[in-house]
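# A structural walkthrough
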Amino acid sequence: GLNLPPWGPIEMAGDLAQSQSALRLDDFRFTIGESNLHGRVDIDLTEKPRVDVRLSAPMIQLEDFRTKGWTATGAAEAEDGEPRAGETGDEPDTQEPPLVSRETFERLDATLALEVEDVRSGTDKLGTGQLRAQLLDAVLEVPTLRVQTPAGDVAATGRLAWAGPALM
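Residues numbered from 1 in each chain as written. Predicted model: local features only at pLDDT ≥ 70, side-chain atom pairs only at ≥ 80, totals over all residues. Heavy atoms only, no water.

### Focus: the overall build of the chain
How we decide: Here a strand is any run of E in DSSP of at least two residues, a helix any run of H or I of at least four, and the numbering for each starts at the N terminus. Categorising residues by exposure relies on relative accessible area from a 1.4 Å probe, with only protein chains included: less than 20% of the type maximum marks a residue as buried, more than 50% marks it as exposed, and the intermediate range marks it as partly exposed. Contacts: residue pairs with any heavy atoms within 4.5 Å of one another. Areas reported as accessible are Shrake-Rupley estimates using a 1.4 Å probe. Residue values count occlusion only from the protein chains shown.
Along its length, the chain carries 1 helix and 8 strands. Each helix (α) and strand (β) of the chain, taken in turn from the N terminus, gives the series β-β-β-β-α-β-β-β-β. Looking at the chain as a whole, 25% of its 168 residues are labelled buried. Intrachain contacts of the chain at a sequence separation of at least 6 include 39% that bridge at least 24 residues. With an accessible surface of roughly 11000 Å², the chain has 54% of that area assigned to carbon and sulfur atoms.

If you want it as structure tokens, here you go:
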């Protein structure tokens, strides 16, 4: 029920192994423009799906990941962020929940580990980067977000959780 971002061309390859309740992509390669990521993806399809992604990249070009007004739910926006003419932006009750919502986060558990040797914006070399993230029981945690630049390091952590009895 979600749309992919307008990136491309996208190339993906890997060695797929399947069991009754799981998928594994070994030697996974994901290429968008100049950005090349490689690693492994494990998907457990038992009771509650779980996705584990471990990737590294020799170089990530930030321009390869521009979204140009894209929304995951397909509600088109003008460049100023407002709904386009003739579109209200209102979603009927039958639509999927927004990408960042408790309902969406409760659908699966996931982990992401990403190491990048060279982060670039255009011709500017920004540095290296690491990202660790975990979505568990509808709580998104980012224990590591780090970019090392020639001018210094940037480090951040974060946690997104909804209050209420379902989480506690």
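Continuing now.
### Focus: the sheet that holds strand β8 (residues 152-160)
Stated formally: In this analysis, strands are considered paired if DSSP registers two or more bridges between them. Think of each axis as a best-fit line through the C-alpha atoms, taken over the contacting stretch in the case of a helix, with angles from 0 to 180 degrees between the N-to-C directions.
Pairing within the open sheet is mixed, and its 8 strands lie in the order β1-β2-β3-β4-β5-β6-β7-β8. Because the sheet does not close on itself, it has two edges, and the strands there are β1 (10-18) and β8. For this sheet, the mean angle separating the axes of adjacent strands, direction not counted, is 10 degrees. In this structure, strand β5 (residues 109-121) lies alongside strand β6 (residues 124-136), joined through 10 bridges in antiparallel fashion. Its bridge partner being in β6, E115 is matched across the sheet by Q130.

### Digging into the pairing of strand β2 (residues 22-32)
Direction of pairing for β1 relative to β2: antiparallel, over a ladder of 8 bridges. Bridge assignment links M12 to a residue of β2, and that residue is F30. Adjacent in sequence and paired antiparallel, β1 and β2 are bridged by 3 residues. Judged from the 9 bridges that link them, β2 and strand β3 (residues 35-44) form a sheet pairing that is antiparallel. Residue pairing for β3: L23 is matched across the bridge by I43.

### Here we look at the environment of L112
Residue placement: L112 occurs in strand β5. Spatially, the C-alpha atom of L112 lies 8.0 Å from that of L55, the residues being 57 residues apart in sequence. Excluding residues that lie within four positions of it along the chain, L112 makes contacts with V53, L131, R132 and A133.

### Points about the nonpolar core
How we decide: Note on terminology: a nonpolar core comprises buried Ala, Val, Leu, Ile, Met, Phe, Trp, Tyr and Cys residues joined through side-chain atoms within 4.5 Å.
By size, the foremost hydrophobic cluster in this structure holds 12 residues: F28, F30, I32, L37, V41, V53, L55, A57, I60, L114, V116 and V119. Going through the elements one at a time, β2, β3, β4 (50-61) and β5 are the ones with two or more residues in this core. Considering each element in turn, this core owes the most residues, 4 residues, to β4. Not counting residues up to four positions away in its chain, the partners in contact with F28 are M12, A13, G14, L37, H38, G39, R40, V41 and L55.

### Quick word on the packing of aromatic side chains
Aromatic ring pairs are described here by two measures, namely the spacing of the ring centres and the angle between the planes. What counts here: Note on ring pairs: Phe, Tyr and Trp rings are taken, using the six-membered ring of Trp, and paired if centres are within 6.5 Å. Classes follow the plane angle, with under 30 degrees stacked, over 60 edge-to-face and the rest tilted.
The tally for this structure, following the rule as stated, stands at 2 aromatic pairs. Where F28 meets F30, the ring centres are 6.3 Å apart and the plane angle is 20 degrees; that geometry is what we call stacked.

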